[in-house]
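Architecture at a glance
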Amino acid sequence: MFARINGMGLFGMNAFPVTAEISTSGGSVPSFDIVGLADMSVQESRLRIRSALKNAGIAVKPRCTVINLTPASVKKIGSLYDLTILTAVLAAHDAIKIDVKDCAFIGEVSLGGDINPVHGALTMTIAARKHGIRKIFLPAANAREASVAEGMQVFAVRNIRELALHLMNKSCIEAQKPFIPDEHHTTELPDFADVKGQENVKNALEVAAAGFHNILIIGTPGTGKSMLSKRLPSIMPRMSFAESIETTQVHSVAGILDMGNPLVTTRPFRSVSHTTSAPGLAGGGTVPMPGEISLAHNGVLFLDELPEFDRRTLETLRQPLESGEINISRAKGSASYPCKFMLVAAMNPCPCGNFGHPTKSCSCNELKIQNYLGKISQPVLDRIDIQIEAAPVSYTEITDKGKGEPSADVLRRVEAAREIQARRYAGTSIKSNADIPTSSLQEICKLATDAAEMLKNAFFKLGLSARAYDRILKVSRTIADLDNKDLIEKRHISRAIQYRSLDKKYWRGN
């Protein structure tokens, strides 16, 4: 007997259709062979399937069975093919009485017959739809996640007995209702109103949020660098549905998705320790998995104590900051993950932290300071649009009983600036001012005559690189948007240049 059953495969975020072709015949010695470039975890599925069928009370006559997973040229890794293979076995034994041509089956089978969840269900469901699949059967734990994909009927399978009865048309598994997130449910975020002083840093963070710009905050210990950074999500605009889908897919592949609330609707804020390795930051593993930069996609990657990171680890940020994508190559294959994130970094000005403090003395010599700052290369600095200094907070500011400006007020200005950008970039791939390609800078960032002259003088005086010049233009475009101005004026350029001056102050020896 011969039969074909559709499934889906996954490597990184690359989902592809897989067909389980099964051929059975009589023989004196029953066998169960799986071919089609299947790794050990796929080969082991025959043992899981045999035990599951027995414990579920489903009788299958022993035969010589060969299963080919096509395309045979693509490596099959993982246990997600169990349900595809098991359904093919049922088909070969004439146990399927319904049409399954437009169906796909995904899931791991336990020895007891239950269907265990898999990673990347949403990614595979979206890919299945593109390949003409209209119905997908997968673990009940993954059903809400998969139901987010439009145009698909999702069937939650709890165990193989339930599936077998459905396929034999003896009972019916109801299609999962599409998951709709509760818009009234919001996560309580730290508010800028709690921060005393630091108005210049707050303003810089507002510009960063409005244009999705990378930002570096330098200051002595206790100035509130981390406190301010952790409040950035409260002034960032809500994610679009497309952004939510993209971020959800990454989190699903990584296996960190909340099954109860499977659509990521809040921008990620990933706070990374300086002990993190390069693979932990960029991603890696035998089967490449997403790292912190991908888990921060469409959100914030916060690196505290930036010079404490290994320099080689920081250098892995260079290409992702430019392209918004990371490519990971391993022996088993290559995987690409999106990583369009806002980098927010904080650091002390020297190892002891007191360099530049108005009252405390610094115990570091010049060489020690330069070695400390030298861990951050100029190419990495050039990719940080905004550099701002957090000065020590005065006693008057600390004891002031008044509240600062709440995040809700700042958010309204940020959203207004983002609306201007949405209209400007409608019909293009540009999402924010930080994404403006070099070829479009002169057209989008039009300068007043005195503003152009100021930028020219700053270019030669500060010795700016071409990348730094471009980023000043992008930041000034955002400042003008917050000011609701079409033309970039001198005051906008002046402020953007100020945001690029700290690398000359602290990194002058490099």
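Scroll up to find the structure this text is about.
Quick look at the structure, then. (Residues numbered from 1 in each chain as written. Predicted model: local features only at pLDDT ≥ 70, side-chain atom pairs only at ≥ 80, totals over all residues. Heavy atoms only, no water.)

**As for the overall build of the protein chain**
A count of helical and extended segments in the protein chain gives 22 helices and 18 strands. With respect to the principal axes defined by its C-alpha atoms, the protein chain has extents near 90 × 45 × 45 Å. Here the protein chain holds 510 residues, and 52% of them are scored as buried. Of the roughly 22,600 Å² that the protein chain leaves accessible, carbon and sulfur atoms contribute 51%. Averaging the locations of the 61 positively and 52 negatively charged side chains of the protein chain gives two centres separated by 4 Å. (Helix = DSSP H or I, 4+ residues; strand = E, 2+ residues; numbered from the N terminus. Buried < 20%, exposed > 50% of the residue type's maximum accessible area, 1.4 Å probe, protein only. Areas by Shrake-Rupley, 256 points an atom, 1.4 Å probe, with all protein chains shown as cover. Lys, Arg positive; Asp, Glu negative; His and termini not counted. Charge placed at Lys NZ, Arg CZ, Asp CG, Glu CD.)

**Thoughts on the pairing of strand E8 (residues 135-139)**
With four of its five residues buried, E8 lies for the most part within the structure. The pairing of strand E5 (residues 103-105) with E8 spans three bridges and is parallel. When the bridges of E8 are listed, Phe105 appears paired with Phe137. Summarising the sheet, E8 and strand E9 (residues 153-157) pair through five bridges and their orientation is parallel. Its bridge partner being in E9, Phe137 is matched across the sheet by Phe155. The parallel pair E8 and E9 is bridged by helix H5 (residues 140-146), and the resulting crossover is right-handed. (Pairing = 2+ DSSP bridges. Right-handed = clockwise from strand over helix to strand, strands pointing away.)

**What about helix H2 (residues 45-55)?**
Regarding H2, the residues found buried are Ser45, Arg48, Ile49, Ala52 and Leu53. For H2, the buried positions fall inside an angular range of 125 degrees around the axis, keeping them on one side. Turned more than 90 degrees away from the buried face of H2 sit Leu47 and Lys54, all of them exposed. Tucked inside the fold, the buried residues of H2 contact strand E3 (31-35), helix H1 (40-43), helix H3 (82-92), strand E6 (108-109) and helix H6 (160-167). The first or second residue beyond H2 is Gly57, which carries a positive phi of 75 degrees. (Arc of directions from axis to C-beta. Contact = heavy atoms within 4.5 Å.)

**Focus: the environment of Ala434**
In this structure, Ala434 sits in the loop between helix H17 (407-424) and helix H18 (441-444). For Ala434, a relative accessible area of 13% translates into the label buried. Sequence separation of Ala434 and Ala210 is 224 residues, and the distance between their C-alpha atoms is 9.5 Å. Setting aside chain neighbours within four positions, we find Ala434 in contact with Gly211, Phe212, His213 and Lys474.

**Remarks on the packing of H2 against H3**
The geometry of H2 relative to H3 is characterised by a closest axis approach of 10 Å and an angle of 55 degrees between their N-to-C directions. Taken together, the axes of H2 and H3 are oblique relative to one another. Note that H2 runs across H3; the crossing there is right-handed. The segment H2 lies against H3, with Ser45, Arg48, Ile49 and Leu53 engaging Asp82, Ile85, Leu86, Val89 and Leu90. (Axes fitted to C-alpha atoms, helices over the stretch in contact; angles between N-to-C directions. Parallel < 35°, antiparallel > 145°, perpendicular 65-115°, else oblique. Left-handed = near helix turned anticlockwise from the far one by under 90°.)

**Focus: the packing of aromatic side chains**
Evaluated as defined, the whole model comprises six aromatic pairs. Ring geometry for Phe459 and Phe460: centres 5.5 Å apart, planes at 90 degrees, overall edge-to-face. Under the relative-accessibility criterion, Phe459 is labelled partly exposed at 28%. Owing to a relative accessible area of 62%, Phe460 belongs among the exposed residues under this scheme. Their ring planes at 90 degrees and their centres at 5.8 Å tell us that Phe459 and Tyr469 sit as a pair that is edge-to-face. Residue Phe459 is found in helix H19 (residues 449-462), and its partner Tyr469 is found in helix H20 (residues 466-482); the two are separated by 10 residues along the sequence. These aromatic residues form a ring-pair network of at least three members: Phe105, Phe137 and Phe155. (Phe/Tyr/Trp six-rings, centres within 6.5 Å; stacked < 30°, edge-to-face > 60°.)

**Some points on the nonpolar core**
The nonpolar side chains of a soluble globular protein tend to be buried with one another. Counting 102 residues, the largest nonpolar core has Leu301 and Leu303 as the members making the most contacts within it. Per element, the largest residue contribution to this core is eight residues, and it comes from H3. When residues no more than four places from it in sequence are discounted, the contact partners of Leu301 are Arg270, Val272, Leu281, Glu292, Ile293, Ala296, Leu317, Phe341, Met342, Leu343 and Val344. By size, the runner-up hydrophobic cluster in this structure holds 50 residues, among which are Phe212, Ala390, Ile444 and Ile472. (Core = buried A, V, L, I, M, F, W, Y, C linked by side-chain atoms within 4.5 Å.)

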